[in-house]
Amino acid sequence: MASAQLRYFDEVVRCGSIRIAAERLHVAPSAISRQIRNMEDEVGLPLFERHARGVVLTSAGEIFARYARAALLDHERVHAEIDDLKGLRRGHIRLCSVEGVVADGLTQAIATFRQRFSGVTFRLTITGTEHVMAAVRDGDTDIGIAFTSSPEPGVRYAARFRDPLFAVVSPRHVLAKAKRISLSEALAHPVAVPEKGFGIRTLLDTRCRSARLVLRPTLETNSIEGLRGFARSGSGVTFLPRMTVRREIDFSLVKPIPLVDRELQQASVDVCVLEDRKLPSAVVEFLNHLQRVFTEAR
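Residues numbered from 1 in each chain as written. Predicted model: local features only at pLDDT ≥ 70, side-chain atom pairs only at ≥ 80, totals over all residues. Heavy atoms only, no water.

To continue, consider empty space enclosed by the protein. For the coordinates displayed, the defined rule picks out 2 cavities of 30 Å³ or more. In this structure, the largest cavity spans a volume of roughly 110 Å³. Lining the largest cavity are 15 residues, and of these Val98, Gly100, Phe147, Ile200 and Ile224 lie nearest its centre. Elements with a contribution of two residues or more to the lining of the largest cavity: strand S5 (143-147), helix H8 (199-211) and strand S10 (237-241). Here the lining of the largest cavity is composed, by residue class, of 10 nonpolar, 4 polar and 1 charged. (1 Å grid on protein atoms, 1.4 Å probe; cavity = no way out; pocket = protein on both sides within 12 Å on 5 of 7 lines; lining within 4 Å. Points joined across faces, edges and corners; volume = space filled by probe spheres on them. Helix = DSSP H or I, 4+ residues; strand = E, 2+ residues; numbered from the N terminus. Nonpolar A, V, L, I, M, F, W, Y, C, P; charged D, E, K, R; others polar.)

Shown next as structure tokens:
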């Protein structure tokens, strides 16, 4: 099928509405409806159930959606490889990452990569671990960077870097001189934690359940910088991996205290890609470069 048809179909799946998909694609709703009818005639089954508020995939539509997503990704890869044969060194890489690795590791990797391949452009989306894994699984990103993610069907770990959680406090905090502490000792003080959906929060909640601890955060936020600021200000304790606060440690703005809890020592930064997808060459090149940068940053 023509790639335009597949793009129309894929956008309707994402939006759950022909009207909204038409607005995003800057085409008439009738044009999208006509293409979908043509696809349904070719498949021989309805692909969508029509409702007053939009459309929902049928069973046949769910199967076809997987095919459409894979075909569109292959289309992008083929064009990237043809560009490489022409020697254009062009490409566009979609990244979806947790916030904690952006300030140093990821932006450094992008900058040094573009010194070699200035024709490659990037799109970077920041979100929590659960959404990172969903973006990889759904083909919405080329490379996902998550924190202590759970295995996801259709997602492959290209690399995993151990990065344990630390209790992070101001050098003026009463805990700052401690050599090691437990999570229960840290929770005796005001704490700041990420919202649910972040890998750090999932790890903390899991440990609290196993140790029968009650987590009552003073600050709950979707901002890693908010957590760093909470610790720097002396307001209390937060929980972050070393890579996330490396700059603050170097300037003695915070003190990382090792946690004795085994579960919190098993944390990792996970670099993920879609399983069984043949990646465009620019993505493969950047993936290898990113692994080198992250290895050096540990």
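Moving on from the coordinates now.
Below, the discussion takes up unusual backbone geometry. Unlike most non-glycine residues, Ser252 shows phi in positive territory, near 55°. Inspection of the secondary structure puts Ser252 in the loop between helix H10 (246-250) and strand S11 (255-258). We classify Ser252 as exposed; its relative accessible area is 55%. The phi dihedral of Asp276 is positive, around 65°, even though this residue is not glycine. If you trace the backbone, Asp276 turns up in the loop between strand S12 (268-274) and helix H12 (281-297). (Buried < 20%, exposed > 50% of the residue type's maximum accessible area, 1.4 Å probe, protein only.)

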